[in-house]
Amino acid sequence: MTGTRFAMLVGIESFSYSHVAQTDDINYTLQLKQWKIHNPIELVIPPPPPPTPIPIPQPNPPPPPAYPIINTQPPPQQIRIGSIVILNGQLHLDSYGSGPGSVRSNWKGKVLDTRIGRKCPYHVGTQQGAWAGWVKEGTLQVVG
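What counts and how
Residue numbers here run from 1 along each chain, matching the order of that chain's written sequence. Restriction of local features to residues with pLDDT of at least 70 applies here, the model being predicted, together with a cutoff of 80 or more for giving and counting side-chain atom pairs; totals for whole chains, interfaces and linings are based on all residues. The side-chain figures draw on all heavy atoms in the structure; neither hydrogens nor water molecules are used. Helix and strand definitions here come from DSSP, where helices need a minimum of 4 consecutive H or I residues and strands a minimum of 2 consecutive E residues; each element is numbered from the N-terminal end. Under the scheme applied here, a residue whose accessible area is under 20% of the maximum for its type counts as buried, over 50% as exposed, and between as partly exposed, the area being computed with a 1.4 Å probe on protein chains only. Two residues form a contact once any of their heavy atoms are found within 4.5 Å. Under the convention used here, a 1.4 Å probe and the Shrake-Rupley method define accessible areas, while residue burial counts only the protein chains that appear. Positive charge is attributed to Lys and Arg, negative charge to Asp and Glu, and no charge count is given to His or to the chain ends. The atoms used to mark charge sites are NZ of Lys, CZ of Arg, CG of Asp and CD of Glu. As used here, the term nonpolar core means buried Ala, Val, Leu, Ile, Met, Phe, Trp, Tyr and Cys residues forming a set that is joined through side-chain atoms within 4.5 Å. Any Lys or Arg side-chain nitrogen located within 4 Å of an Asp or Glu carboxyl oxygen qualifies as a salt bridge. Ring pairs are drawn from Phe, Tyr and Trp, using the six-membered ring of Trp, whenever the two centres fall within 6.5 Å, and their geometry is named by plane angle: stacked under 30 degrees, edge-to-face over 60, tilted for the rest. What makes two strands pair is DSSP finding at least two bridges between them.

Draft legend 1. Inspection of the overall build of the chain at higher detail. A tally of regular secondary structure across the chain gives zero helices and seven strands. In the chain, the succession of α and β elements from N to C terminus is β-β-β-β-β-β-β. Viewed in the frame of its principal axes, the chain has a C-alpha envelope of about 160 × 35 × 25 Å. Counting over 144 residues, the chain shows a buried share of 18%. Relative to all contacts within the chain whose residues are 6 or more apart in sequence, the contacts with residues 24 or more apart total 38%. Counting only carbon and sulfur atoms, one obtains 58% of the accessible surface of the chain, whose full area is about 12400 Å². Across the chain, the mean location of the 11 positive side-chain charges is 40 Å away from that of the 7 negative side-chain charges.

Draft legend 2. Spatial organisation of the nonpolar core. Listed in full, the 11 residues of the largest apolar core are Ile79, Val85, Leu87, Leu91, Trp107, Val111, Tyr122, Val124, Val135, Leu140 and Val142. Broken down by secondary-structure element, the contributors of at least two residues to this core are strand 3 (84–92), strand 4 (100–114), strand 5 (122–125) and strand 7 (140–142). Ignoring sequence-local partners within four residues, the contact set of Val135 consists of Leu87, Gln90, Leu91, Cys120, Pro121, Tyr122, Val124 and Leu140.

Draft legend 3. Main features of unusual backbone geometry. Here the phi dihedral of Asp24 falls at roughly 60°; this positive angle occurs in a residue that is not glycine. In this fold, Asp24 is placed in the loop between strand 1 (10–20) and strand 2 (25–34). Given the relative accessible area of 57%, Asp24 is considered exposed. You will see that Asn106, though not glycine, has its phi angle at about 55°, which is positive. By the element assignment, Asn106 lies in strand 4. By relative accessible area, Asn106 is classed as exposed at 57%.

Draft legend 4. Looking closely at the pattern of salt bridges. Summed over all chains, the structure comprises one salt bridge. With its nearest N and O atoms 3.1 Å apart, the salt bridge here joins Arg115 to Asp113. Overall, Arg115 belongs to the partly exposed group, its relative accessible area being 35%. A relative accessible area of 23% means that Asp113 is categorised as partly exposed.

Draft legend 5. Molecular detail of the packing of aromatic side chains. Taken as a whole and assessed by the stated rule, the structure comprises three aromatic pairs. Between Tyr17 and Tyr28, the aromatic rings sit 6.3 Å apart at their centres with planes inclined by 45°, giving tilted as the arrangement. One end of the pair, Tyr17, is in strand 1; the other, Tyr28, is in strand 2, with 11 residues separating them in the sequence. Judged by relative accessible area, Tyr28 falls into the exposed class, the value being 53%.

Draft legend 6. The arrangement of the pairing of strand 4 in detail. Looking at chain direction, strand 3 and strand 4 are connected through seven bridges and run antiparallel. Looking at the pairing, Ile84 lines up with Lys110 of strand 4. When strand 4 meets strand 5, the two strands line up antiparallel, connected through four bridges. Each bridged residue has a counterpart across the sheet, and for Thr114 the counterpart in strand 5 is Tyr122.

Laid out in structure tokens, this is it:
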């Protein structure tokens, strides 16, 4: 609009006119709407953060002992055929424990046969292989 006390951008919303016959005037009806320039606002939407991984619970390790455990004894050797043993006990006639015989103390011999599960499961003899008898499990100590 020009020639007025204000200056602004407008757009014509509606326009109509009519002729008045008695006065020979023309009546105008004009509706204006202010034009506003809007600069677009650019919104930057960041991508969503990746999902947080769910931690897998780990089993707690056992606490360390209050003092160090020192085993000065070597692990016991398994008694088997051919093992060199020290006998501290009684000899028997068979692996069932019948016929108790002589008692030996710190006698060094050799395991010649085994019958695990019986009363006297180990058959011992001299280191050269001569038979001596059957003995109970707790009476032998492996030395080689």
